[in-house]
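Here are the chains, one letter per residue:
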Amino acid sequence: LSPSFAGSGENTRFVLNYRDQWPSVPGNFITYSLSADHYFRKLKSGMGLIFFSDKAGGGKLSTLNIGYLYSYKIAVTNKFYLQPGLSAYYYSSNIDYSMLNFSDQFFGSQFVGSTSELLIKQTVKHADFAVSCLGYTAKHWFGLTVDHLMKVSPVLNADSKYSSMRISLYGGTKYVIKKRYRSQNNDAIFAAFNFRQQANIRQLDLGFYYLRNPIMFGLWYRGIPAGNQYSSTDALIYLIGFKNKNMTISYSYDM
């Protein structure tokens with residue numbers, strides 16, 4: 001979401017994520033991501049590494065992303081902080097043509113196996129960058145991320161191998177509904193939003209979490225059309241999780 005979140009936990013953090021999208025449909029999406037970040041107090045800086053792998057269409061299209069994240073914490077007041085961030089990453093994507101079938105490979109219902117299609121063995125490989133800034137207090141946060149900065153170059157702007165710039169706006173607030181005076185684990189509701197625009201596609205997500213330690217519940221509405229030519233919605237997202245001081249485990253389901 002943002003390189004500004006690197007080190008935001010103000011300690012050492014490891015995150016592992018697995019997603020299986022459309023498992024009942026042929027050509028599903030399998031995604032893995034792994035990240036680690038640490039906050040260096042003397043440098044007032046957060047640094048992290050991220051690894052992302054996505055196989056779409058049952059493995060026909062593979063994407064790999066390996067990146068470095070950096071953020072710097074600025075105390076504007078004793079309650080409000082700014083945290084600008086920067087990420088540099090290596091991006092690669094390729095198509096496995098051996099998993100594709102074309103119409104001229106069939107004679108009626110019989111598969112003959114050969115094709116006259118011109119299959120260009122081209123793997124997209126390049127570096128890319130993102131910048132961000134996060135502003136927050138103990139109860140509120142707001143941020144902006146601009147990704148795929150290689151598109152700023154007038155030379156690369158017309159190159160289809162480089163993704164269009166993506167702008168993300170996100171934020172949220174925390175409301176404590178019950179204070180536990182013998183513990184810092186207060187019952188609270190978190191409300192948040194995430195708006196993204198890439199090329200001429202816009203999407204707005206809204207959601208909230210309810211935390212009653214150690215159990216967490218969440219509900220999101222993803223894909224609110226925000227000025228697109230064609231109005232379409234995406235999914236309701238349900239989440240349940242377990243959270244304590246050092247570990248969070250959660251499961252989400254998109255309907």
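Computed from a predicted structure; not experimentally measured.

Conventions adopted
Residues numbered from 1 in each chain as written. Predicted model: local features only at pLDDT ≥ 70, side-chain atom pairs only at ≥ 80, totals over all residues. Heavy atoms only, no water. Helix = DSSP H or I, 4+ residues; strand = E, 2+ residues; numbered from the N terminus. Buried < 20%, exposed > 50% of the residue type's maximum accessible area, 1.4 Å probe, protein only. Contact = heavy atoms within 4.5 Å. Areas by Shrake-Rupley, 256 points an atom, 1.4 Å probe, with all protein chains shown as cover. Lys, Arg positive; Asp, Glu negative; His and termini not counted. Charge placed at Lys NZ, Arg CZ, Asp CG, Glu CD. Salt bridge = Lys/Arg side-chain N within 4 Å of Asp/Glu carboxyl O. Phe/Tyr/Trp six-rings, centres within 6.5 Å; stacked < 30°, edge-to-face > 60°. Lys NZ or Arg CZ within 6 Å of the ring centre and 35° of its normal. Polar contact = N/O pair within 3.5 Å; in protein donor to acceptor, adjacent residues only side chain to side chain. Pairing = 2+ DSSP bridges.

> Tell me about the overall build of the chain, and name the residues and values.
Helix and strand content of the chain: 0 helices and 16 strands. Considering only C-alpha atoms, the chain reaches an extent of 75 × 40 × 35 Å along its principal axes. Expressed as a percentage of the 255 residues in the chain, the buried residues total 29%. Pairs at least 24 apart in sequence give 43% of the contacts found in the chain among residues at least 6 apart. When the accessible surface of the chain is totalled, it reaches about 16700 Å², and 61% of it is carbon and sulfur. Between the centroid of the 26 positive side chains of the chain and the centroid of its 14 negative side chains there is a distance of 16 Å.

> Can you break down the environment of Gly85 residue by residue, with the values?
Tracing the backbone through its elements, the reader meets Gly85 in strand β6 (residues 81-95). On the basis of relative accessibility, which here comes to 10%, the residue Gly85 falls in the buried class. Separated by 19 residues in the primary sequence, Gly85 and Ile66 have C-alpha atoms spaced 17 Å apart.

> Pulling in residues and values, what's your account of the pattern of salt bridges?
Summed over the entire model, instances satisfying the criterion amount to 9 salt bridges. In this structure, the salt-bridge partner of Arg196 is Asp205, at a minimum N-O distance of 2.3 Å. Relative accessible area serves as the criterion here: at 26%, Arg196 is assigned to the partly exposed category. Its relative accessible area of 6% is what places Asp205 among the buried residues. Each of Glu10, Arg41 and Lys73 takes part in one network of salt bridges that share partners.

> Help me get a handle on the environment of Val124, residues and values and all.
Here Val124 lies in strand β9 (residues 124-136). Remark: the alpha-carbon pair of Val124 and Tyr162, spanning 38 residues in sequence, is separated by 8.6 Å.

> Lay out the packing of aromatic side chains with the relevant residues and their values.
Under the counting rule described, the total for this entry stands at 7 aromatic pairs. Pairing Phe5 with Tyr170 gives two aromatic rings, centres 6.1 Å apart and planes at 40 degrees, and the pair type is tilted. Taken as a pair, Phe5 in the segment before β1 (12-21) and Tyr170 in strand β11 (residues 166-178) lie far apart in primary sequence, 165 residues in all. Seen in terms of ring centroids, Tyr81 and Tyr136 are 5.6 Å apart; in terms of plane orientation they differ by 20 degrees. Their pairing is stacked. One end of the pair, Tyr81, is in strand β6; the other, Tyr136, is in strand β9, with 55 residues separating them in the sequence. Look at Tyr81 and you get partly exposed, because its relative accessible area is 23%. Taking NZ or CZ as reference, Lys73 lies 4.6 Å from the ring centre of Tyr81, over its face.

> Outline the side chain of Ser132, listing residues and values.
Note that Ser132 resides in strand β9. Classification of Ser132 by relative accessible area gives buried; the value is 8%. Of the polar contacts made by the side chain of Ser132, one reaches the side chain of Ser4; its length is 2.6 Å. Aside from chain neighbours lying at most four places away, what touches Ser132 is Ser2, Pro3, Ser4, Gln83, Pro84, Gly85, Leu144, Thr145 and Tyr170.

> Tell me what's going on with the pairing of strand β10 (residues 140-147), and back it up with residues and numbers.
Pairing analysis gives 7 bridges linking β9 to β10, with the strands arranged antiparallel. Pairing of Cys133 across the sheet is with Leu144, part of β10. Count of turn residues in the β9/β10 antiparallel hairpin: 3 residues. Of the pairings in the sheet, the one linking β10 to β11 comprises 8 bridges and is antiparallel in character. Looking at the pairing, Val146 lines up with Ile167 of β11.

> Let's hear about the pairing of strand β12 (residues 187-198): which residues, and what values?
Bridge count between β11 and β12: 12 bridges; the pairing is antiparallel. Pairing of Gly172 across the sheet is with Ala192, part of β12. The loop that links β12 with its antiparallel partner strand β13 (residues 201-212) comprises 2 residues; one of these, Ala199, has a positive phi angle of about 55 degrees.

> Give me the environment of Tyr238: which residues, what numbers.
By secondary structure assignment, the location of Tyr238 is in strand β15 (residues 235-243). As a C-alpha pair, Tyr238 and Tyr209 span 29 residues in sequence and 9.9 Å in three-dimensional space. Contact partners of Tyr238, with chain neighbours within four places excluded, come to Gly218, Leu219, Tyr251, Ser252, Tyr253 and Met255.

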